[in-house]
Amino acid sequence: MHADRNDRMKQLVPFLVAATLPFLVMPLPGPAFELPLTAAAAGLTLVVAAASAIIFWRRLPGSWLLGPALGYLLAVAVLREAGGGNVSGLGPLAIVPVVGLAMYSSARALAVGVLGVALVYWAPLLLAGAGTRYPASGWRIGLLFVCISAVLGAAILQLRAQLRRQTERMSALALTDELIGLPNRRAWLTALERAAARADRSGERFCVALIDVDAFKTINDANGHAAGDALLVSLARRWQDVLRRGDVLARLGGDEFGVLMPGQLDDVASATERVRAGATESTCSIGVAEWRGGEAVSSLIARADRLLYEAKANGGDRVRLEAAVTALAG
């Protein structure tokens with residue numbers, strides 16, 4: 001959590017630098033700035049920086065950034081006024097909050113930010129009229145920066161969307177078995193941890209069933225790995241058809257599968273027997289253990305694995321339940 005907050009604060013640093021940049025260049029030769037307005041812009045900038053830091057540090061929603069973004073645009077407008085209106089180099093700073101909104105907020109917030117850029121340039125012309133302080137060229141310059149802000153913001157939003165889709169695809173691949181399309185061991189263990197945490201809070205019961213295809217190595221050696229893979233795909237589809245809604249079937253590796261099954265042993269017995277009977281192309285062995293409140297998930301899996309070994313040692317093609325060590329054989 002602390003590392004994540006540090007990363008978020010690092011993302012904020014470029015914007016804080018941009019916020020202070022105008023005040024760093026003021027001592028350079030150029031137009032004189034009116035002190036009261038400059039102080040007001042500086043104070044508003046500090047408020048914006050503090051609000052932005054709080055939002056990033058507390059991991060608040062991106063929509064909260066709209067307030068600091070509009071505050072920053074107001075500070076730019078006040079600073080332009082402090083420099084006599086026609087101050088080269090300050091106007092483009094209005095793009096900075098637009099970039100921030102595009103990176104961390106929504107399209108709606110971005111649209112409001114672009115409107116804010118328009119107001120920075122055009123509001124003085126509407127209120128005071130074109131003149132020496134704000135020349136008529138401000139309309140064209142304002143339109144230019146509004147277009148730049150809109151195009152740049154839209155491009156960043158598109159990149160964000162593409163990155164999010166790519167990240168989601170990569171996450172799905174990392175949690176999915178490539179051959180069968182079922183959850184893999186990592187995804188299944190995560191589901192077990194969540195089920196155990198939920199059961200600790202609510203008192204719910206759940207079981208784990210481990211499934212192993214009997215003599216799979218012999219099948220592979222006799223028919224080739226392609227045939228073995230086809231068999232696993234076929235069996236997985238049959239098992240998904242006979243399992244209950246809410247049961248989570250996963251491929252743990254090789255010919256070993258696992259099922260997270262809500263309920264007590266008595267509730268899952270018939271479902272595991274349907275799994276065994278559904279393996280028509282080859283027989284399978286199943287070990288089933290019920291979670292004991294407060295125990296580690298690894299302990300539950302170890303007990304189910306021992307029951308699976310007993311089922312295979314007794315000839316296979318059977319379900320070994322933990323309760324009364326009942327064998328349901330065909």
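Quick note: structure is the one above.
Note that the structure is predicted; figures quoted are calculated from it, not measured.

1. Topic: the overall build of the chain
Move 1: The helix and strand inventory of the chain stands at 11 helices and six strands.
Move 2: The C-alpha atoms of the chain give a radius of gyration of 32 Å, which is well past the 20 Å a tight globule of 330 residues would have.
Move 3: Overall, the chain is about 95 × 40 × 30 Å in size when its C-alpha atoms are taken along their principal axes.
Move 4: Put simply, the chain has 330 residues, and 42% of those count as buried.
Move 5: Within the chain, residue pairs in contact and separated by at least 24 positions form 66% of the contacts whose partners lie at least 6 positions apart.
Move 6: For the chain, the accessible surface area stands at approximately 17400 Å², while carbon and sulfur atoms represent 61% of it.
Move 7: Here the chain contributes 33 positive and 28 negative side-chain charges, whose respective centroids are spaced 10 Å apart.

2. A look at the side chain of glutamate 295
Move 1: Mapped onto the secondary structure, glutamate 295 falls in the loop between strand S4 (284-290) and helix H11 (297-313).
Move 2: Since its relative accessible area comes to 16%, glutamate 295 is described here as buried.
Move 3: Ignoring sequence-local partners within four residues, the contact set of glutamate 295 consists of Glu290, Leu300 and Arg303.

3. Observations concerning the pattern of salt bridges
Move 1: In this structure the tally under the stated criterion is 15 salt bridges.
Move 2: The shortest N-O distance in the salt bridge between glutamate 290 and arginine 205 comes to 2.3 Å. In this pair, glutamate 290 is assigned in strand S4 and arginine 205 in the loop between helix H7 (185-202) and strand S1 (206-213), connecting sequence segments 85 residues apart.
Move 3: Its salt-bridge partner being aspartate 317, residue arginine 276 comes within 2.8 Å of it at the nearest N-O pair. A residue pair is termed long-range when its members are at least 10 positions apart, and arginine 276 in helix H10 (residues 265-278) and aspartate 317 in the loop between H11 and strand S5 (318-321) qualify at 41 residues.
Move 4: Given the relative accessible area of 9%, arginine 276 is considered buried.
Move 5: Assessed through its relative accessible area of 22%, aspartate 317 is described here as partly exposed.

4. Digging into empty space enclosed by the protein
Move 1: Summed over all chains, the structure comprises two cavities of 30 Å³ or more.
Move 2: Leu12, Phe15, Val48, Ser52 and Pro97 are the residues nearest the centre of the largest cavity, which is lined by 18 residues in total.
Move 3: Contributing elements (two or more residues each) for the lining of the largest cavity: helix H1 (2-25), helix H2 (35-57), helix H3 (66-82) and helix H4 (95-104).
Move 4: Of the residues contributing to the lining of the largest cavity, the split by class is 15 nonpolar, three polar and no charged.
Move 5: Each pocket or cavity is described by its volume, and for the second largest cavity that value is around 40 Å³.
Move 6: Looking at the second largest cavity, the residues that line it are Ala19, Pro22, Phe23, Thr45, Tyr72, Ala75, Val76 and Leu79.
Move 7: Elements that contribute at least two residues to the lining of the second largest cavity include exactly H1 and H3.
Move 8: With four residues, H3 is the largest single contributor of residues to the lining of the second largest cavity.

Rules of the game
Residues numbered from 1 in each chain as written. Predicted model: local features only at pLDDT ≥ 70, side-chain atom pairs only at ≥ 80, totals over all residues. Heavy atoms only, no water. Helix = DSSP H or I, 4+ residues; strand = E, 2+ residues; numbered from the N terminus. Rg over C-alpha atoms; globule rule 2.2 N^0.38 Å. Buried < 20%, exposed > 50% of the residue type's maximum accessible area, 1.4 Å probe, protein only. Contact = heavy atoms within 4.5 Å. Areas by Shrake-Rupley, 256 points an atom, 1.4 Å probe, with all protein chains shown as cover. Lys, Arg positive; Asp, Glu negative; His and termini not counted. Charge placed at Lys NZ, Arg CZ, Asp CG, Glu CD. Salt bridge = Lys/Arg side-chain N within 4 Å of Asp/Glu carboxyl O. 1 Å grid on protein atoms, 1.4 Å probe; cavity = no way out; pocket = protein on both sides within 12 Å on 5 of 7 lines; lining within 4 Å. Points joined across faces, edges and corners; volume = space filled by probe spheres on them. Nonpolar A, V, L, I, M, F, W, Y, C, P; charged D, E, K, R; others polar.

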